[in-house]
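Residues per chain, in single letters:
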Amino acid sequence: MFPLLFCFSAISAEVYNLDESLVPVDSRAKNLRSQAIKQGLREVVLKNTGTQSALTHPDVVKQLANASALMTQYGYQDLDGKLFIKVSFDHKRLISLLRQAGLPVWGKQRPLTLVWLVEEVEGERKILNDASTSAARTSFDTQSSNRGVPLLFPLMDLDDAMQVGVNDIRGQFTANVANASLRYQANYFIMATISPQGAVYRYQMSLYPRELTAGASQYTPSTSQSGESASVEQAVVDITAAASEYYVSQYAIADSGEKLTTKITFTDVSEMKQLVEIEKYLNQLSAIKTVAVASIEGMTVEFNLGLFGNEEDLHRLMKLDPRIESIGNITSDNIEYANFGSENNANKPTQIYYWKGQ
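Residues numbered from 1 in each chain as written. Predicted model: local features only at pLDDT ≥ 70, side-chain atom pairs only at ≥ 80, totals over all residues. Heavy atoms only, no water.

Asker: What am I meant to see in the nonpolar core here?
Answerer: Soluble, globular proteins show a tendency: their nonpolar side chains are buried together. In this structure, F266, L282, F303 and M318 are the most contacted members of the largest nonpolar core, which totals 51 residues. Looking at this core element by element, the count peaks at 10 residues for helix 8 (residues 232-251). If near-sequence neighbours (up to four positions away) are discounted, M318 is found in contact with I264, F266, Y281, L282, L285, I324 and Y353. (Core = buried A, V, L, I, M, F, W, Y, C linked by side-chain atoms within 4.5 Å. Buried < 20%, exposed > 50% of the residue type's maximum accessible area, 1.4 Å probe, protein only. Helix = DSSP H or I, 4+ residues; strand = E, 2+ residues; numbered from the N terminus. Contact = heavy atoms within 4.5 Å.)

Structure below.
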């Protein structure tokens, strides 16, 4: 299976292969190649929007009928004795299609999710670990790739085993699991179970943020889902889809159709290299339409931004990146620190950031 390529530092992950897909084929026949390219585009649309409903949008359906028009290259690969076709698509034209359709666009900076799953195999319940070769583990790898959702799994070494047991996950003892999750530096963690029940598999999942929300005394799931699936593989599809749909609601941005703008500031920018890095970062964010330097005063750089969504969307997305630290909103207390030197703050940016870099 075509792996999801990503790197992570501190928390969050940067996904790299959002415009590529690896589709199994029975032969190199032309008709099978055409079908594979169409399937590849489906997978790429899903990875870039994060939501299954995007595949039924009329504009997407129309493009799927002529999928090769967006293709930039393809090639065959033989992996473990099976034939695959690797298809790449034009990123700019793909995103343009999604924007024109009013669909959410999910950028490459994405939450990193740690999965704590209790699976029941032949009557024995175990916590799925990173080295597992079970059907569930393989299916999670497939879904991580198909949906562009970076996933981690616990090592279940002595440190993990001393903190988390099967009953902690089944009983939703969230505090124990949250404490054990800290070492993995993920943005979110999932607590889930899959167990056979007659001819079906019963699954349950809850997604939690890495840390308690401000003022909260206990963890509240960001989203939860339970149901029955025909197989372990389908249960994994449903669990991953539930997490993906939540992330889309938080981090994928559709074009509002309005001319929304804002300003933000980066402070302590002492080198031109930093300024270039910041501009490059801002230009790749799915929330941002245009980027322009408004002013440079000392080591403070102010940017004018055109937005697809609102300011809340932007700042929520920026919080994912470990290279950025939010210093806070501009007030009378910190305006001097931001080096503005102006008494009129009416048109100044609302948020100050510090760029940590790589």
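Asker: Can you walk me through the pairing of strand 10 (residues 188-197) in this structure?
Answerer: Note on strand geometry: in a regular strand, side chains alternate between the two faces of the sheet. In terms of burial, strand 10 is a largely internal element, eight of the 10 residues being buried. The sheet contact formed by strand 7 (residues 113-121) and strand 10 spans seven bridges and is parallel. Considered in strand 10, the bridge of L117 is made with A192. Of the pairings in the sheet, the one linking strand 10 to strand 11 (residues 200-209) comprises 10 bridges and is antiparallel in character. (Pairing = 2+ DSSP bridges.)

Asker: Mind showing me how you'd approach helix 4 (residues 135-147) here?
Answerer: Residues spaced three or four apart along an α-helix point in a common direction, a consequence of the helix completing one turn every 3.6 residues. For helix 4, with 13 residues, the first-to-last C-alpha span of 18 Å sits near the 18 Å given by 1.5 Å per residue. The element helix 4 is largely enclosed, with a buried count of 10 among its 13 residues. Residues of helix 4 that are buried include every one of A136, R137, S139, F140, T142, Q143, S144, S145, N146 and R147, and no others. Residues of helix 4 that are buried in the fold lie against helix 1 (30-49), strand 6 (109-110), strand 7, strand 9 (151-152) and helix 8. Positioned one or two residues after helix 4, G148 has a phi angle of 65°, which is positive. (Expected span 1.5 Å × (residues − 1).)

Asker: Teacher, can you tell me more about the packing of helix 1 against helix 4 here?
Answerer: Two quantities define a packed helix pair, namely the angle between the helix axes and the distance between the axes. Interaxial distance between helix 1 and helix 4 falls to 7 Å at its minimum, and their mutual angle equals 80°. Taken together, helix 1 and helix 4 sit at an angle that is classed as roughly perpendicular. Between helix 1, through E43, L46 and K47, and helix 4, the contact on the second element is made entirely by S145, N146 and R147. Taken together, the residues that form the contact of helix 1 with helix 4 break down as one nonpolar, two polar and three charged. (Axes fitted to C-alpha atoms, helices over the stretch in contact; angles between N-to-C directions. Parallel < 35°, antiparallel > 145°, perpendicular 65-115°, else oblique. Nonpolar A, V, L, I, M, F, W, Y, C, P; charged D, E, K, R; others polar.)

Asker: Could you clarify how one ought to interpret the pairing of strand 13 (residues 260-267) in this entry?
Answerer: Here strand 13 runs beside strand 15 (residues 300-307); their pairing, made up of seven bridges, is antiparallel. Across the sheet, K263 pairs through a bridge with N304, a residue of strand 15. Where strand 13 meets strand 17 (residues 351-355), four bridges bridge the pair, whose relative direction is parallel. By the bridge assignment, F266 is partnered in strand 17 with Y353.

Asker: Would you mind going over the packing of aromatic side chains with me for this structure?
Answerer: In this description, a pair of aromatic rings is defined by centroid distance and the angle of the planes. As enumerated under the stated definition, the model contains 13 aromatic pairs in all. Both rings, one in F266 and one in F303, keep their centres 6.0 Å apart while their planes meet at 90°; by these two values the pair is edge-to-face. Of this pair, F266 sits in strand 13 while F303 is found in strand 15, placing the two residues 37 residues apart along the sequence. Pair check on accessibility: F266 and F303 agree, each one buried. Taking the centre distance of 5.7 Å and the plane angle of 50° together, the rings of Y281 and W355 count as tilted. Note that Y281 is positioned in helix 9 (residues 272-284) and W355 in strand 17, a separation of 74 residues in sequence. Among the aromatic residues, those joined into a ring-pair cluster are W106, Y188, Y246, Y247 and Y251. The ring of F308 carries R99 above its face, with NZ or CZ at 3.5 Å from the centroid. Cation over ring: R110 sits above W106, and NZ or CZ is 4.0 Å from the ring centre. (Phe/Tyr/Trp six-rings, centres within 6.5 Å; stacked < 30°, edge-to-face > 60°. Lys NZ or Arg CZ within 6 Å of the ring centre and 35° of its normal.)

Asker: Help me understand the pattern of salt bridges, please; the structure alone is not making it clear to me.
Answerer: Where charged atoms from two side chains of opposite charge approach closely, those side chains can pair. What the rule picks out here adds up to 14 salt bridges. R183 is the partner of D160 in a salt bridge, and the nearest nitrogen-oxygen pair spans 3.0 Å. Of the two residues, D160 sits in helix 5 (residues 158-163) while R183 sits in the loop between helix 7 (174-181) and strand 10, which places them 23 residues apart along the sequence. The exposure class of D160 is buried, given its relative accessible area of 0%. Given a relative accessible area of 39%, R183 falls into the partly exposed group. With a shortest N-O distance of 3.1 Å, R210 and E211 are connected by a salt bridge. (Salt bridge = Lys/Arg side-chain N within 4 Å of Asp/Glu carboxyl O.)

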